[in-house]
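Structural features, examined
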Amino acid sequence: MTELLAPAGNMEALKAAISSGCDAIYLGMQKFGARAYSDNFDYDALKEAVDYAHLRGVLIYVTMNTIVFEDEMEDMKDQLHKLNEIGVDGVIVQDMAVADYIVSHFEDMECHCSTQMGLDDLEGTLLWKELGAKRVVLSREVPIERVKEIRKIAEIPIEIFVHGALCMSYSGNCLMSGLIGYRSGNRGRCVGSCRKPYELIDKTIGKNLGTSYILSTKDLNTIDHIEELKAVDSLKIEGRMKEPAYVANVVSKYRAALDGTVTEADKENLCKTFNRTYTKGYLFGEEPVDIANIARPNNFGYEIGVISGFYKGMLEIKLNKVLNQNDIIRIDHDGEDVNLSVVRLYDRDGNLINKAEDTCYIKIKEQLSKGDIVYKTKDYLYYKELEAGLDKEFRRFPLDFKVYAYPGSKLVIDAEGLGQQYLWESEDILDAAQNNPTTYEQVVKQLGRLNDTVFALGHVEFDEYYAFIPAKMLNNARREIVEKLYEAKLAEKPRGTKAPASKTPISFPRVAPYLTATVTTKEQYDACIDAGIEKVYFDNIVRRNQVTYPEREGELLVGGYGGIYAYRNRNEFVTDYSLNVVNAESCYQLHKLGAKRVTLSYELNRKQIDDLLNKYYAENEGYPSLEMIVYGRAPLMFTKYCPLKKMGQCGLCKSHQYEIKDEYGTFPILSHDDCTTTILNGKTLNLLDEMPAIDGVEAFRLNFTIETAAEVTKVIRQAQDKLAGRGGKTLFNQETDTRGHYNKEIM
């Protein structure tokens, strides 16, 4: 059966999701979850949530899908053990260290691979199946045909997002928030850089092509494709930062769709809670250019009418959908929004009304124009309807009773519910009835008072033997039976642990540090070779989210798990920054898979690098083989979407250079041959001065993107001098350069 997986940022949202028919919940704790700005759960709240869910047959998955620094490792391990003790069913992870710890220490708590891992291919899925994961959450960019193929061949449960907010970047591969604002998406603190307005500038002709929300995606909505989606193990709704009413609305509609009862009205009602307009997503073949809504980044609402005129100081609205008093609307006037709560609604004669279906009038001080479109962003009555059912029981479970009541004996009740059995016995002896023996109907009435439980009265067996059973005794029996069945149900959840297997140390001999380079053009490549760089990554780069793996020769730079699986037995390989390595255990795991060198994350600072090296040495009696990027414009975002095509510039990327601009700076656009896009940092990472002081890194990489051949040569000469200890002059330019996270800790 296909699982409907719902988000919960707090207990109210969790109850809303369960009351609306979800099969599982994913939620986050105060630490290590990729939605740090939602309310999240502490251990007491998690215990309450797990018990509440498990009693209703709903599973709980906890997100621990951030990268984990060395000084957090013990906290991470402690948290995992507490999750297991509480009875969590699975943990969704990004970091290899977290995944390995779950697989090696817990019998029953599953490891699920987060979409932050960037798994979008069969090879990466097979690798993580081999490493012990029990489920893979595929990237949002994977088409449904490929999802089904991966599921069939890999034979591991697959989870996909089917509704809610989308990231413009491939998940886990966006450094924009972290490098600009020091709040990392890989740490759960994304500030939503893609939801800001940017100017698009053609640098070649010096023209501003306009300001828009050029990187803001629409919301995903795949409810029309539910039959095809039933081939997937788990359908995931995004929204851990959404209100309970939103959760209830979306979950209930997808529940109805899976059950075959959804109506067109149900589908339309999805627009009545937060949406940025909808896309069927890459999952169902949306063109990349149509994935974005560049007009606005927040709640779009839905169109209900148009300003049709003015009458006696009032605005006339011609409606195509109902408008109620207390609804919230927005009016689009020349691209600017006027938002208001409809506290007063009038008819043509100026009389107050509470509902209008055709034409209505409002009074407002803002100057609007005939033809302005009116949108409803909150339907007051619909929200009241949603909120009224946020904690109702979606389904109840039968509770069967066999009641044995004989005068001169104790009352005995054999109860069965939730797959559990409990035998209740009274302390007191029953008396024979003098006039009115307790009847079957009276027993059913008392035992059937189950509204505040998960039960519904099932089959009741009771033979009347002229016994008198006090109502209080039956009520006490019912309450105790329910409590004991609850306890038995919750106790059946296995929480096994195991001893991890011993690890064989892996270490590498220390060598004198040297330079490597990544390039994007043949001219840059030639400049690197001419300058004496021996290891240059150009046509030997296997990037993350590259889903085909043809035969290659020589050493490769591999950016994703699929590439590791595909080439580990065929080529020597170095892992790239995109695997987000920030701790010693992740280094070890990649070396164990065959990595010749491991490239560190952009998001490490100086102390964290030292911590990683010290920990690795302590556990392996030797050092890892590390590579570190010390120069270049960092890739802030890699996306399947092309902002240039969206703005009518398709094809001009071959001859023009473009950038986007906000109040903080400019960000060059690097277009690729397959029409994917990289947004680069406008400032250049420059740690050339720091290289001599960084001990334990084998290879220092120069990352060339939009530099000319002459600029490449100049930077290489400067780096070579610095590495050789020649030249004391600083190479850092305060205006154009950045040290990234090297001297700062990201949040």
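A brief look at the structure comes next. All values derive from a computational prediction rather than experimental measurement.

Bringing the pattern of salt bridges into the picture now. Scanning all chains against the criterion turns up 54 salt bridges. A salt bridge links K318 to D358; the nearest nitrogen and oxygen atoms lie 2.7 Å apart. Here the residue K318 occupies a position in strand β14 (residues 314–319), and D358 occupies one in the loop between β20 (355–356) and β21 (359–362), the gap between them amounting to 40 residues. A relative accessible area of 40% places K318 in the partly exposed class. We classify D358 as partly exposed; its relative accessible area is 42%. Several salt bridges converge on common partners, so that one network encompasses K535, E555, E572, D576, K596, R597, E627 and R701.

Sheets are built from strands that pair by backbone hydrogen bonding, the pairs being arranged parallel or antiparallel. One open sheet accounts for 6 strands, arranged β9-β8-β37-β38-β39-β36; its pairing is antiparallel. Both edges of this open sheet fall to β9 (207–212) and β36 (635–639), since each of them pairs with a single strand only. Put simply, the sheet's adjacent strands are angled 25° from each other on average, direction ignored. Two strands pair when backbone bridges link them, and strand β38 (residues 666–671) and strand β39 (residues 677–680) are joined in this way by 3 bridges, in the antiparallel orientation. Bridging across to β39, I669 finds its partner in I679.

On to the pairing of strand β11 (residues 234–237). A two-sided burial pattern is seen for β11, the buried positions comprising S234 and K236 on one face and L235 and I237 on the other. In this sheet, β11 lies alongside strand β1 (residues 3–8) in parallel orientation, the contact comprising 3 bridges. Looking across to β11, one finds that L5 is bridged to K236. The pairing of strand β7 (residues 158–164) with β11 spans 4 bridges and is parallel. In the sheet register, E159 faces β11, and the bridge partner there is S234.

With that settled, consider a negative patch on the surface. Together, E427, D428, E480 and E483 make up a negatively charged patch on the protein surface. Contributions of two or more residues to the negative patch are made by β25 (420–429) and α13 (471–491).

The next thing to look at is the packing of aromatic side chains. Applying the stated criterion across every chain, the model contains 13 aromatic pairs. Summarising the aromatic geometry, the rings of W128 and Y561 are spaced 5.4 Å apart at their centres and angled 80° between planes, so their arrangement reads as edge-to-face. One end of the pair, W128, is in helix α5 (residues 122–130); the other, Y561, is in helix α15 (residues 561–567), with 433 residues separating them in the sequence. Just as W128 is buried, Y561 falls in that class too. Plain terms: the ring middles of Y577 and Y602 are 5.1 Å apart, the flat faces sit at 75° to each other, and that makes the pair edge-to-face.

One finds L14, I25, L46, L80, I160 and L702 to be the most contacted residues of the largest nonpolar core, which totals 166 residues. With near-sequence residues (within four places) excluded, L702 lies in contact with L515, T516, A517, T518, V630, Y631, L688, V715, I716 and A719. Core analysis: the next-biggest nonpolar cluster, separate from the first, contains 29 residues, V443, V460, L474 and L485 among them.

Moving on, we come to the pairing of strand β41 (residues 699–703). Here β41 lies mainly inside the structure; 5 of its 5 residues are buried. Residue alternation in β41 divides its side chains into two sets, A699, R701 and N703 and F700 and L702, and both sets are buried. In the sheet, strand β29 (residues 514–518) pairs with β41 via 5 bridges, with the strands oriented parallel. Residue pairing for β41: Y514 is matched across the bridge by A699.

The rules behind the values
Residues numbered from 1 in each chain as written. Predicted model: local features only at pLDDT ≥ 70, side-chain atom pairs only at ≥ 80, totals over all residues. Heavy atoms only, no water. Salt bridge = Lys/Arg side-chain N within 4 Å of Asp/Glu carboxyl O. Helix = DSSP H or I, 4+ residues; strand = E, 2+ residues; numbered from the N terminus. Buried < 20%, exposed > 50% of the residue type's maximum accessible area, 1.4 Å probe, protein only. Pairing = 2+ DSSP bridges. Axes fitted to C-alpha atoms, helices over the stretch in contact; angles between N-to-C directions. Patch = residues over 30% accessible without salt bridge, like charges linked within 9 Å, V, L, I, M, F, W, Y side chains within 5 Å. Areas by Shrake-Rupley, 256 points an atom, 1.4 Å probe, with all protein chains shown as cover. Lys, Arg positive; Asp, Glu negative; His and termini not counted. Charge placed at Lys NZ, Arg CZ, Asp CG, Glu CD. Phe/Tyr/Trp six-rings, centres within 6.5 Å; stacked < 30°, edge-to-face > 60°. Core = buried A, V, L, I, M, F, W, Y, C linked by side-chain atoms within 4.5 Å. Contact = heavy atoms within 4.5 Å.

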